[in-house]
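Spelled out, the chains give:
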Amino acid sequence: MTQPALVRLPAAELFENIRQLLHEGYLATFTVTGNSMWPLLGHSRDQVVLETCEGKPLKKGDIVLFMPVKGRYLLHRIDWVKDGQFRTTGDGSCARDGIFHEACVLGRVVSLVRKGKKISCANWLYRLSSRIWMALFWARPVLLKALRKIAAWKNTKKQE
């Protein structure tokens, strides 16, 4: 079976297509761009598979694709939810995003794809690692600095 051709779309067009697919009951997949979810999701390395959130409550730990401001899309993890509102934080961030209404959510990540391997967000190891990362929010400045140095060192070793 051949792989479908890779198509690059502007963000507004991509996310409108995703919104339509989810509304019709399909899953949607796209490649992560940006570093706000690193180290758990990597820029151009990982893909995420989304489902609709319609009729399903948002939960702490969910990664959601949402539009907090018209034309701006974020894929971040929920760290607080209450009464139809939620707050997010990027895994690669040391600051909270703010509080948003659940109506701005396009979809929830149900799995990710790394090196061709699908990893369910229900997988116990994935859930454990994401919960530990969320609990270590207070230590992120130091942890992220150390992880970036390790990644740079690994990259240097690969080039040698």
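One numbering rule holds for all chains: residues counted from 1, following each sequence as written. Restriction of local features to residues with pLDDT of at least 70 applies here, the model being predicted, together with a cutoff of 80 or more for giving and counting side-chain atom pairs; totals for whole chains, interfaces and linings are based on all residues. To get the side-chain values, take all heavy atoms of the structure and skip hydrogens and water.

Q: Could you give an account of the pairing of strand E5 (residues 85-89), with specific residues and numbers?
A: Strand pairing requires that DSSP identify at least two bridges connecting the strands. For helices the rule is a DSSP run of H or I covering at least 4 residues; for strands it is a run of E covering at least 2, with both sets numbered from the N terminus onward. Here 5 bridges tie strand E4 (residues 72-82) to E5, and the two strands are oriented antiparallel to one another. Residue pairing in the sheet places Ile78 in a bridge with Thr88 of E5. In this structure, the hairpin formed by E4 and E5 is closed by a connection of 2 residues, where Asp83 is found at a positive phi of approximately 50°. Of the strand pairs in this sheet, E5 and strand E6 (residues 98-101) are connected by 4 bridges, and their pairing is antiparallel. Bridge assignment links Thr88 to a residue of E6, and that residue is Gly98.

Q: Tell me what's going on with unusual backbone geometry, and back it up with residues and numbers.
A: The omega torsion across Trp38 and Pro39 is 20°, close enough to zero to call that bond cis. One can find Pro39 in the loop between strand E1 (28-31) and strand E2 (46-51). Backbone geometry places Ser44, a non-glycine residue, at a positive phi of 60°. Locating Ser44 in the fold gives a position in the loop between E1 and E2.

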